[in-house]
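# Secondary and tertiary structure notes
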2 protein chains.
Amino acid sequence: MIAGDGNGARKWAMLSSRKVYECNVFSVFERESRGPDGRVGRFAVMEAKDWAVVVPYVRTENGTSFLMVRQYRHGADEVSLEFPGGVVEPGEDPAHAAARELAEETGWVSARILHAGTVFPNPAIQDNHFHVFVSLDPEPKVTRNLDSNEIIDAHLMPADEIRQKMGTGELRHALMVTALFLADKCVAALGEKPARQAES
Amino acid sequence: MIAGDGNGARKWAMLSSRKVYECNVFSVFERESRGPDGRVGRFAVMEAKDWAVVVPYVRTENGTSFLMVRQYRHGADEVSLEFPGGVVEPGEDPAHAAARELAEETGWVSARILHAGTVFPNPAIQDNHFHVFVSLDPEPKVTRNLDSNEIIDAHLMPADEIRQKMGTGELRHALMVTALFLADKCVAALGEKPARQAES
């Protein structure tokens, strides 16, 4: 440790929590909490359902492509190119949510869904998790099924081009940068075997 | 395009926006917007100040270390090991905010602050930006200056260990995964030159 007294590693204790806003995507709570040294502070926290995303690796004649979705994002007022994903419904297994969102947004289905990692989208102000999955060799099999508020196009994009451009232009969704990092690490750990036999 | 009609690449138009919640960290707005095909929907959006983070590369006898901060995070109710960072104040240059947060949280100062990228923390529901910077060869020079609600320890952590563990345990802040990805890409683009001479 180069600065501090070790209290950074200790949790605060919640003294009170009050819901101050609620919509269909998240709720906001105002909490009062006591730190490990006794100080008391007030903090706003968003509670939300978990989110799941899936990075689909598709082998083509020209190498690996990612199956991706392009859609307008209301927060940033920008069009965004992303990996398929969405909300994990209460009681739903995150892997099921990832496969379901893949099918709903693209019509593609994969027998191989691997867990690449689970992180917090923003642990400072949100309580929910962000689950990242890999889909190996998905194929077009079902009819898309979009929500009434979704206008989404699906595209196959060369994986190396996405890796190179990630963080720029249409590829500025931070959680997608995180997803790519964890997915590529997961696939690399499978070794040199072709994706189709990776788990057999 | 393998699915869709091209409307995923077109913006929606905001029809109305109403502030429904405000605290010192963010405000919530309920918006009504019209899609490119004419459909109208309601969306909740968080407006917040931009955030800046800095990945500090420190050369030690045992190779590169990252200067990192450990603190409790109220949203996730978890202790988190992160790169220094915080809010960009109105009118402040993001690079200044990164250097300021580095000094305030660790007491270390760097003459070399490089921009590694700017993304959206979550463009689906937030309007703000997340700016990622690299700090080369920072050194301990000033007294830390924490906010009244901050209890933060600073640590030097071996960079390769952080890269390997990123996404697990204390290293599950998604925005820090994004920061590491963009920072390492930025430093790799500097070439083989030692960090100290990278910009000279």
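Scroll up to find the structure this text is about.
In short, a report on the structure. (Residues numbered from 1 in each chain as written. Chains lettered and ligands numbered in written order. Predicted model: local features only at pLDDT ≥ 70, side-chain atom pairs only at ≥ 80, totals over all residues.)

### Some points on the overall build of chain A
For chain A, the helix and strand inventory stands at three helices and 12 strands. Across the 200 residues in chain A, those meeting the buried criterion constitute 44%. (Helix = DSSP H or I, 4+ residues; strand = E, 2+ residues; numbered from the N terminus. Buried ≥ 20, exposed ≤ 12 C-beta atoms within 10 Å, placed from the backbone.)

### Comments concerning the relation of the copies chain B and chain A
The two copies are related by a screw operation: chain B maps onto chain A through 180° of rotation and 0.0 Å of translation along the axis, at an RMSD of 0.0 Å. The two molecules are tied by a two-fold rotation axis, judged by turn and shift. Closest to the rotation axis within chain B is the C-alpha of Thr178(B), separated from it by 2.5 Å. (Least-squares fit on C-alpha atoms with pLDDT ≥ 70 in both.)

### A closer look at the nonpolar core
Counting 94 residues, the largest nonpolar core has Ala179(A) and Ala179(B) as its most contacted members. Excluding residues that lie within four positions of it along the chain, Ala179(B) makes contacts with Val53(B), Val55(B), Phe83(B) and Val132(B). In terms of nonpolar packing, the next biggest core, distinct from the first, is built from 14 residues, Phe29(A), Phe43(A), Val45(A) and Met46(A) among them. (Core = buried A, V, L, I, M, F, W, Y, C linked by C-beta atoms within 7 Å. Contact = placed C-beta atoms within 7 Å.)

### Focus: the sheet that holds strand E1 (residues 13-22) of chain B
All names here are of chain B. What the three strands build is an open sheet, ordered E1-E2-E3; its pairing is antiparallel. With partners counted over all chains shown, the strands left at the sheet margins are E1 and strand E3 (40-47), one partner each. Each strand axis lies, on average, 20° off the axis of its neighbour in the sheet, ignoring direction. Of the pairings in the sheet, the one linking E1 to strand E2 (residues 27-34) comprises eight bridges and is antiparallel in character. Residue pairing in the sheet places Tyr-21 in a bridge with Val-28 of E2. (Pairing = 2+ DSSP bridges. Axes fitted to C-alpha atoms, helices over the stretch in contact; angles between N-to-C directions.)

### Things to note about the sheet that holds strand E3 (residues 40-47) of chain A
Picture the strands of a sheet paired through backbone hydrogen bonds; they go either parallel or antiparallel. Residues and elements named next belong to chain A. Spatially, the three strands line up as an open sheet ordered E1-E2-E3, and their pairing is antiparallel. Each edge of the sheet is formed by a strand with only one pairing partner; in this case those strands are strand E1 (13-22) and E3. Averaged over neighbouring strand pairs, the angle between their axes works out to 20° when direction is ignored. Pairing of strand E2 (residues 27-34) with E3, which is carried by eight bridges, proceeds in the antiparallel orientation. Opposite Val-28, over in E3, you have Met-46 as the bridge partner.

### Some remarks on the environment of Phe26(B)
All names here are of chain B. As for its placement among the helices and strands, Phe-26 is situated in the loop between E1 and E2. For Phe-26, a count of 19 C-beta atoms within 10 Å gives the class partly exposed. Spatially, the C-alpha atom of Phe-26 lies 22 Å from that of Glu-105, the residues being 79 residues apart in sequence. Sequence-distant contacts of Phe-26, that is, excluding residues within four places in its chain, are made with Met-46, Glu-47 and Ala-48.

### Thoughts on the interface of chain B and chain A
Bring the parts together and some accessible area is lost; that lost area is often taken as the interface size. Residue-level contacts link 67 residues of chain B with 67 residues of chain A. If you list the elements that add at least two residues to the side of chain B that touches chain A, you get E1, E2, E3, strand E5 (63-73), strand E6 (78-82), strand E9 (112-119), strand E12 (152-158) and helix H3 (174-189) of chain B. The element best represented in the side of chain B that touches chain A is H3(B), accounting for six residues. The residue makeup of the side of chain B that touches chain A, split by class, is 34 nonpolar, 21 polar and 12 charged. (Nonpolar A, V, L, I, M, F, W, Y, C, P; charged D, E, K, R; others polar.)

As far as function goes, none of this settles anything; it's purely spatial.
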